[in-house]
Structure formats: structure tokens, C-alpha cells
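Here is how the chains run, residue by residue.
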Amino acid sequence: MDARGMEDSEWDELQRNLLATIPVYDRINRFATLGQVSRWRRIVRDLLPSGRVLEIGCGPGSFAEDVSGHDLVCLDPIPEMLISAEERVNSARSSRGDPPAEFIEGTAEDLPFEDNSFDAVCSLFSFRDWFDKKAGLEESLRVLRPGAPLIIVDPSKMNRIHGFLGVLLMKVWVGTYARIICGEKEHPWKWLTKTYKEFGTTRDYVKMIGDCGFEDVKARVIFPGMATIWSARSPSE
Ligand SMILES: C[S@@+](CC[C@H](N)C(=O)[O-])C[C@H]1O[C@@H](n2cnc3c(N)ncnc32)[C@H](O)[C@@H]1O
């Protein structure tokens with residue numbers, strides 16, 4: 001399982017691929033998830049308590065755009081992602097009368113925030129890419145206030161057969177569409193298949209989240225079986 005982390009060269013390559021997804025990210029994501037991604041994001045938004053929320057791996061702002069009524073901090077290691085997200089998210093926030101969100105460059109593994117400074121931490125379609133998931137989970141726990149939730153969404157892999165079907169879907173369904181939309185054979189969604197292949201099972205991460213010190217760890221595979229929502233809480237005082 002990929003808890004071993006990623007080589008520096010793989011991390012650089014992954015970042016280059018993620019950068020290349022920016023112009024077509026939402027279009028391909030909607031297609032890949034059969035239009036379900038908006039519903040999954042809404043489920044996460046409904047789980048957020050009021051207060052200060054951190055999204056780790058905000059990408060171009062696809063989730064953050066619709067987070068309303070919270071103090072929002074968006075973190076990503078890629079400056080260009082933060083630039084696209086800031087424009088999109090803060091213009092949506094200003095039209096709703098929400099104060100601007102903050103955009104911070106950094107990684108899950110080394111969060112540039114004080115201990116006990118967030119009422120929730122969420123991460124959608126980013127956990128799979130964290131180069132050291134245990135370190136990222138421990139950091140998430142450190143910055144959460146006692147009893148506050150962690151919510152993670154990423155592709156599900158219930159077992160080896162489900163994983164095999166997931167790889168097939170990504171290669172054939174998503175891969176073909178991405179090749180057409182990007183107009184090139186070496187499109188960045190090839191990395192989705194690679195990181196998914198190396199990703200552990202839904203249960204592996206229930207265990208890892210618990211081992212990192214979270215309580216009340218749950219995983220729910222959401223319709224139509226393509227994604228999992230992991231939820232947990234930092235220990236209450
Ligand atoms: C696919 S985008 C997700 C965008 C958005 N969260 C959404 O709901 O669609 C994944 C983002 O995670 C970021 N990421 C990758 N590894 C990370 C890490 N170790 N720490 C923080 N963010 C990371 C990437 O730079 C990328 O922008």
C-alpha cells in the first residue's frame with residue numbers, strides 16, 4: 001500500500017500532471033463520475049459544522065466554490081491551482097455576501113497552521129495523492145479542535161475485484177474521454193489510474209485514520225460505488 005510515500009521524482013511528475021488538468025478538470029470529472037460528483041460534494045458540505053473549515057488540496061476550487069457560511073481556508077501545493085481557485089471561490093463568496101476565503105500554499109504533510117485552529121478539515125479527491133498519508137492525517141488531527149470532524153472523499157476500492165473494475169473504468173471510460181477532450185494520447189488522467197492502482201482499500205484507510213488517533217472512524221461507499229466518504233472526529237477533551 002502507498003503509505004510508504006512517494007519518490008520526489010514521482011511527486012514532481014504528479015504535480016505537473018495535476019497542473020495540466022486545470023482547464024478541463026470539472027468537465028472530465030463530471031463525465032468520469034456520471035454526474036454524481038456534485039451530489040458527493042453536497043453531502044460533504046452538509047456534514048460541515050459552522051466555524052473555520054480547512055480544505056486540503058482545493059485544486060481549482062470545485063468544492064470550495066459552494067462552501068457557504070463558513071470561514072474557509074483552502075490549501076494546495078500548486079500555486080497555479082490557488083490562483084484559479086481564489087478567483088473562482090472569492091467571486092462566488094462575494095456574490096453571496098460571504099467574507100473572502102484564504103488561499104495558502106502548502107501540503108497536508110506539513111500544515112502551516114496552529115494546533116486546534118479548525119472546526120473541520122476536509123479533503124476531496126486529494127488524499128490519494130498525499131505523498132505521506134499518515135503524516136497528513138496526523139497533521140489534520142493536530143490542527144483540529146477537540147471533537148471536530150475530518151471528512152475525506154476519494155475513489156473507493158472495496159476489494160481486489162472492485163479495484164480491478166475501477167482501473168478498467170478509469171482506463172477505458174475516463175481515459176478515452178480525456179484523450180478526446182485533451183487532444184493528446186499522453187493526457188494527465190493517466191495519473192488517475194496510476195494513483196488509484198497504488199491506493200489502498202477503503203478499509204485500509206479506516207484503520208490508518210484510527211491508528212493516527214481519530215475516533216468514531218466510519219467509511220461509506222456512496223452511489224454508484226465509485227467513491228468513499230471517510231469521516232472521523234478528533235478526540236474530545
Ligand atoms: C484533483 S484536485 C481536487 C480538487 C478539489 N478538492 C475537488 O473537490 O475537486 C487534487 C488537489 O490535491 C492537491 N494535492 C496533491 N497532493 C497534495 C498534498 N500532499 N497536500 C495537499 N494537497 C495536495 C493537488 O495539488 C490538487 O490540486
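Keep in mind that what you see is a predicted model, and the values were worked out from it rather than measured.

1. Observations regarding the overall build of the chain
The number of helices and strands found in the chain is 8 helices and 7 strands. For a compact globule of 237 residues, the expected C-alpha radius of gyration is about 18 Å, and the chain comes in at 17 Å, within 12% of that figure. Taking all 237 residues of the chain together, 37% fall into the buried category.

2. Overview of the site of the ligand
Gly57, Gly59, Phe63, Leu124 and Ser126 are the nearest of the 20 residues found near the ligand. Tallied by class, the residues present in the shell around the ligand amount to 12 nonpolar, 5 polar and 3 charged.

3. Some points on helix α2 (residues 25–32)
Considered for burial, the residues of α2 that qualify are Tyr25, Ile28, Asn29 and Ala32. Burial along α2 is one-sided: seen end-on, the buried residues are contained in an arc of 100°. As for α2, its buried residues are in contact with α1 (8–21), α3 (37–47) and α6 (160–182). Looking at the residues trailing α2, positive phi occurs at Leu34, about 55°.

4. So, the nonpolar core
In this structure, Leu54, Ala64, Cys74, Ala85, Phe118, Val121 and Val153 are the most contacted members of the largest nonpolar core, which totals 47 residues. Among all residues touching Cys74, those that are not within four sequence positions of it are Glu55, Cys58, Ala64, Ala85, Val89, Ala101 and Phe103. With 8 residues, the next largest nonpolar core counts Tyr25, Ala178, Trp189 and Leu192 among its residues.

5. Focus: the packing of α2 against α6
Packing of α2 against α6 leaves a shortest axis separation of 10 Å and a crossing angle of 155°. Between α2 and α6, the angle falls in the class roughly antiparallel. Handedness of the crossing formed by α2 with α6: right-handed. Of the residues in α6, those in contact with Arg27, Ile28, Phe31 and Ala32 of α2 are Val174, Tyr177, Ala178 and Ile181. Class assignment of the residues belonging to the contact of α2 with α6 gives a composition of 7 nonpolar, no polar and 1 charged.

6. Some points on the environment of Leu14
Position of Leu14 among the secondary structure elements: in helix α1. Taking the C-alpha atoms as reference points, Leu14 and Leu144, separated by 130 residues in sequence, lie 28 Å from one another. Here Leu14 is in contact with Asp129 and Trp191, once residues within four sequence places are set aside.

7. Some words on the pairing of strand β7 (residues 227–233)
In terms of burial, β7 is a largely internal element, 5 of the 7 residues being buried. One ladder, built from 7 bridges, connects strand β5 (residues 149–155) with β7; its direction is antiparallel. Bridged to Val153 within β7 is Ile229. Direction of pairing for strand β6 (residues 215–222) relative to β7: antiparallel, over a ladder of 6 bridges. Its bridge partner lying in β7, Val221 is registered against Thr228.

8. Thoughts on unusual backbone geometry
A cis geometry characterises the amide bond from Phe223 onward to Pro224, with omega recorded as 0°. Among the secondary structure elements, Pro224 is positioned in the loop between β6 and β7. Even without a glycine there, the phi angle at Phe125 is positive, about 60°. Positive phi values are uncommon outside glycine, yet Asp216 reaches one of about 55°.

Each value, and the rule that gives it
- Residues numbered from 1 in each chain as written.
- Predicted model: local features only at pLDDT ≥ 70, side-chain atom pairs only at ≥ 80, totals over all residues.
- Helix = DSSP H or I, 4+ residues; strand = E, 2+ residues; numbered from the N terminus.
- Rg over C-alpha atoms; globule rule 2.2 N^0.38 Å.
- Buried ≥ 20, exposed ≤ 12 C-beta atoms within 10 Å, placed from the backbone.
- Near = placed C-beta within 6 Å.
- Nonpolar A, V, L, I, M, F, W, Y, C, P; charged D, E, K, R; others polar.
- Arc of directions from axis to C-beta.
- Contact = placed C-beta atoms within 7 Å.
- Core = buried A, V, L, I, M, F, W, Y, C linked by C-beta atoms within 7 Å.
- Axes fitted to C-alpha atoms, helices over the stretch in contact; angles between N-to-C directions.
- Parallel < 35°, antiparallel > 145°, perpendicular 65-115°, else oblique.
- Left-handed = near helix turned anticlockwise from the far one by under 90°.
- Pairing = 2+ DSSP bridges.

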